[in-house]
Amino acid sequence: MGLEEKLPAGFVLTTLENVAGYMRKASIWPATFGLACCAIEMMAVGTPDYDIARFGMERFSATPRQADLMIVAGRVSQKMAPVVRQVYDQMANPKWVISMGVCASSGGMFNNYAIVQGVDHVIPVDVYLPGCPPRPEMLLNAIIELHKQIQGSKLGVNRIAAARAAEQAALSAVPTHLMPATHDHTAHLAAPAGKNLLG
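Residues numbered from 1 in each chain as written. Predicted model: local features only at pLDDT ≥ 70, side-chain atom pairs only at ≥ 80, totals over all residues. Heavy atoms only, no water.

A separate point is the pairing of strand β3 (residues 96–100). Counting buried positions over the five residues of β3 gives five, a clear majority of the element. Of the two faces of β3, the one holding W96, I98 and M100 and the one holding V97 and S99 are both buried throughout. As paired strands, strand β2 (residues 69–73) and β3 are joined by five bridges and run parallel to one another. Bridge pairing links V72 to S99 in β3. (Buried < 20%, exposed > 50% of the residue type's maximum accessible area, 1.4 Å probe, protein only. Helix = DSSP H or I, 4+ residues; strand = E, 2+ residues; numbered from the N terminus. Pairing = 2+ DSSP bridges.)

Core analysis: the largest hydrophobic core is formed by 24 residues, its most contacted members being L69, I98, M100, L139 and L146. Look past the residues within four positions of M100 in its chain and what remains in contact with it is C38, E41, M42, I71, V72, A73, G74, L129, P134 and L139. (Core = buried A, V, L, I, M, F, W, Y, C linked by side-chain atoms within 4.5 Å. Contact = heavy atoms within 4.5 Å.)

This paragraph deals with the packing of helix α2 (residues 16–25) against helix α6 (residues 136–151). Two elements in contact, α2 and α6, have axes whose closest approach is 8 Å; the angle formed by their N-to-C orientations is 150°. With respect to α6, the element α2 is oriented roughly antiparallel. Read as a crossing pair, α2 and α6 show a hand that is right-handed. Here E17, N18, G21, Y22, R24 and K25 of α2 come into contact with α6, specifically with H147, I150 and Q151. When the residues that make up the contact of α2 with α6 are grouped by side-chain class, the tally is two nonpolar, four polar and three charged. (Axes fitted to C-alpha atoms, helices over the stretch in contact; angles between N-to-C directions. Parallel < 35°, antiparallel > 145°, perpendicular 65-115°, else oblique. Left-handed = near helix turned anticlockwise from the far one by under 90°. Nonpolar A, V, L, I, M, F, W, Y, C, P; charged D, E, K, R; others polar.)

In structure tokens form, the structure reads like this:
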């Protein structure tokens, strides 16, 4: 016997955070920010085949002041990194970022001085989307995952402090090219001929 049984029909019990989370996830406007080949797949989600309009996100904003989601689609060069940060800083709060494709997430096959080895060294990232290039269905799945994060996000002063701490942690992370190797790339050279390395 709870409170809900004593209320007349038509009442719904929830929290302010749940209502705000629902409203935020249902009103996201992405910023137009395609940098390379992943942008073609990002454009494809606007077609009737994939229909991003089911989430109310068909309006890709040409100005960051009217956007709250940045989909970084493609590799980020060192020359483009300050522009990415400037566009991010101009976006409305609260704001979110999806890193689309392996090049945006970790530099991909471009392990050189010209490409940023992960956009999370420039801006904080909420959802990483792997693939080269990721399919439009994968981007829709990343959007659904972002919706789950937004639905469960907190309100109040602690949210701002948590966002700043997360951004500092992401920006001070060890670059991927400085991380220790996860396996030996030269093991096949030392193995005897005809030896199966997997078995």
